[in-house]
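# Report on the structure
Each chain, letter by letter, is given below.
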Amino acid sequence: MVLILKNAHVVDPAAGIDEVIDVKVEDDRIAEVGHGLAHEGAEVRDLSGKYLVPGLVDIHVHFRDPGFEYKEDIETGTRAAAHGGFTAVCTMANTDPVADTGAVLEYVASKAAKVGKCRVFPAGSCSHGLEGEILAEMGDMVAHGAVAFTDDGRGVQNAGMMRRIMDYGKMFDKPIMDHCQDESLVGAGQVNEGIASTRLGLLGWPAAGEEIQIARDVALSELTGCPLHIQHITSARGLDIVREAKARGANVTCEVTPHHLVLSEDDITGAYETFLKVNPPLRTPADRQALIDGVADGTIDAIVTDHAPHAPWEKAREFELAPFGMIGLETSLALILTNLVRPGIIDYGRMVELMAVNPRTILRLDQVSIAAGSVADLTVFDPEATWTVDESFFESKSANSGFIGRELIGKPTDVYVGGVATMIDGAVVD
């Protein structure tokens, strides 16, 4: 099969391309990039006015499968990913059973191969049952496709245990993806400690609970030589710790979510919007600005969604009882285009680095480039499409988005995974 994507504005900093050009795809690979491409019998799609970039990758999603399929499953999760413009995701391990053995990872990979609308790269847990006490079967999981290890949802509380985890991570050259949360400080915290917790009368969650573990685990990474990836960073001080570590040459990377870039604790009102209850919590406007600056100056390596679906009845409970998390796959690209690219904070090239290039580098995945010979994982979006986030828009089983009702500019329209269309003109391909 030959497919020619014509007249798209291609942006790929790795290939040095930022121009309107044609892309020819044969089977699962890019065959040629150039002007005026043609091929007898080829399928031709005119993408005038749209941008084409290497396929987006989200390295932090929760698909709830196995065990919590009423919230999301691999089929609906990958449909949401394709609908949001993603060609690949990395799934977290906090399922039931926990992804702490090769058997669970094999289940995730095999189901994704059957019903998935994007590539699924599973992460394994660091510890058995996410309990932070016994090392998980890391070697077995590597043999069954684990690309990283994380106890996401909890922080590993014991420093000696975390060192042991990193010793094994280094052995397999797999990054430890680190949910930094000192539970002795965070306790039953609900929102950022300070103005928000006082105003709302809720238990506070101090930023220090995140920052202390970032500092601890950066030190352990430097001790062991294990690659460390800080998940969903939220505070200015936490970001400074990472920035200082990078200046020393530490093997440390970090990620941020769109909701921590766009929202702050001030957005939680006296209506106690549970869709804005996330882990870690929304911080101060000053923290939010520091994260934006970190995206712009290169300190932050990747943008992820921490896509965390929940059933409507779960989020409809009192704020203290509602679970943490919001969905994000289907709004991520549009939020970044609207809030970072259009205002000129970053350009399209930097966006591609944050959402396509760096995520693959962090997970040691093969890079995708708009160049002959590269696998044809491609994302196409309309930078001028204006739309309002609505519950009916989502392919996810869940609709717990903190952005419902918000007008966004920019929207993914087409996705190709290995040359096969998973979304065309904004509709997921069945």
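None of these values were measured; they are calculated from a predicted model. (Residues numbered from 1 in each chain as written. Predicted model: local features only at pLDDT ≥ 70, side-chain atom pairs only at ≥ 80, totals over all residues. Heavy atoms only, no water.)

As a further point, take the environment of A271. Turning to its location among the elements, A271 is positioned in the loop between α9 (258–262) and α10 (285–297). With 71 residues separating them in the primary sequence, A271 and L200 have C-alpha atoms 9.5 Å apart. (Helix = DSSP H or I, 4+ residues; strand = E, 2+ residues; numbered from the N terminus.)

Moving on to the packing of helix α12 (residues 332–341) against helix α13 (residues 348–362). In contact at an axis separation of 11 Å, α12 and α13 are set at 140° when each is read in the N-to-C sense. Between α12 and α13 the crossing geometry is right-handed. Of α13, the residues touching α12 (which contributes S332, L333, I336, L337 and V341) are Y348, M351 and M355. Classifying every residue of the contact of α12 with α13 by side-chain character gives 7 nonpolar, 1 polar and no charged. (Axes fitted to C-alpha atoms, helices over the stretch in contact; angles between N-to-C directions. Left-handed = near helix turned anticlockwise from the far one by under 90°. Contact = heavy atoms within 4.5 Å. Nonpolar A, V, L, I, M, F, W, Y, C, P; charged D, E, K, R; others polar.)

Our focus in this paragraph is α10. With 13 residues, α10 should reach 18 Å at 1.5 Å per residue; the first-to-last C-alpha distance of 18 Å fits that figure. Three or more residues of α10 are buried, namely D287, A290, L291, I292, G294 and V295. Looking at the packing, one finds that the buried side of α10 touches α8 (236–247), β13 (252–256), α9, α12 and α13. G298 sits one or two residues past α10 and shows a positive phi near 95°. (Expected span 1.5 Å × (residues − 1). Buried < 20%, exposed > 50% of the residue type's maximum accessible area, 1.4 Å probe, protein only.)

Assigned domains of the chain: these are domain 1 (2–52 + 373–383 + 409–428) and domain 2 (55–363). A C-alpha centroid distance of 30 Å is found between domain 1 and domain 2. Counting residues at the interface gives 21 residues for domain 1, matched by 23 residues for domain 2. Roughly 1800 Å² is buried in total at the junction of domain 1 and domain 2, and carbon and sulfur atoms are behind 66% of that figure. The largest share of the area that domain 1 buries against domain 2 comes from D377, I409 and V428, three residues that together contribute 30% of it. Seen at the junction of domain 1 and domain 2, the total is 1 salt bridge. With a closest N to O distance of 2.7 Å, R119 and D377 form a salt bridge. (Domains from an automatic or database assignment. Buried area = accessible area lost by both parts, 1.4 Å probe. Salt bridge = Lys/Arg side-chain N within 4 Å of Asp/Glu carboxyl O.)

Trans peptide bonds make up most of the peptide bonds, and negative phi angles are found at most residues other than glycine. Put simply, D96 and P97 share a cis peptide bond, and its omega is 10°. Considering the arrangement of structural elements, one finds P97 in the loop between β7 (86–91) and α2 (102–115). Along the chain, N279 connects to P280 via a cis peptide bond; the corresponding omega equals -5°. Although it is not a glycine, R364 sits at a positive phi angle of roughly 60°. One can find R364 in the loop between α13 and β15 (378–388). Accessibility expressed as a relative area gives 37% for R364, which makes it partly exposed.

The positions that UniProt labels "binding site: substrate" (unreviewed entry) are, in the present scheme, H62, F63, R64, N94, N279, H310, F324 and G325. When its relative accessible area of 6% is taken as the criterion, H62 is described as buried. Among all residues touching H62, those that are not within four sequence positions of it are M92, N94, D152, D306, H307, A308 and P309. Among the polar contacts made by the side chain of H62, one reaches the side chain of N94 at a distance of 2.9 Å. What F63 contacts, discounting residues up to four positions off in sequence, is E72, D73, I74, G77, T78, V89, T91, H307 and L329. (UniProt positions renumbered as here; feature names shortened; annotations may be inferred. Polar contact = N/O pair within 3.5 Å; in protein donor to acceptor, adjacent residues only side chain to side chain.)

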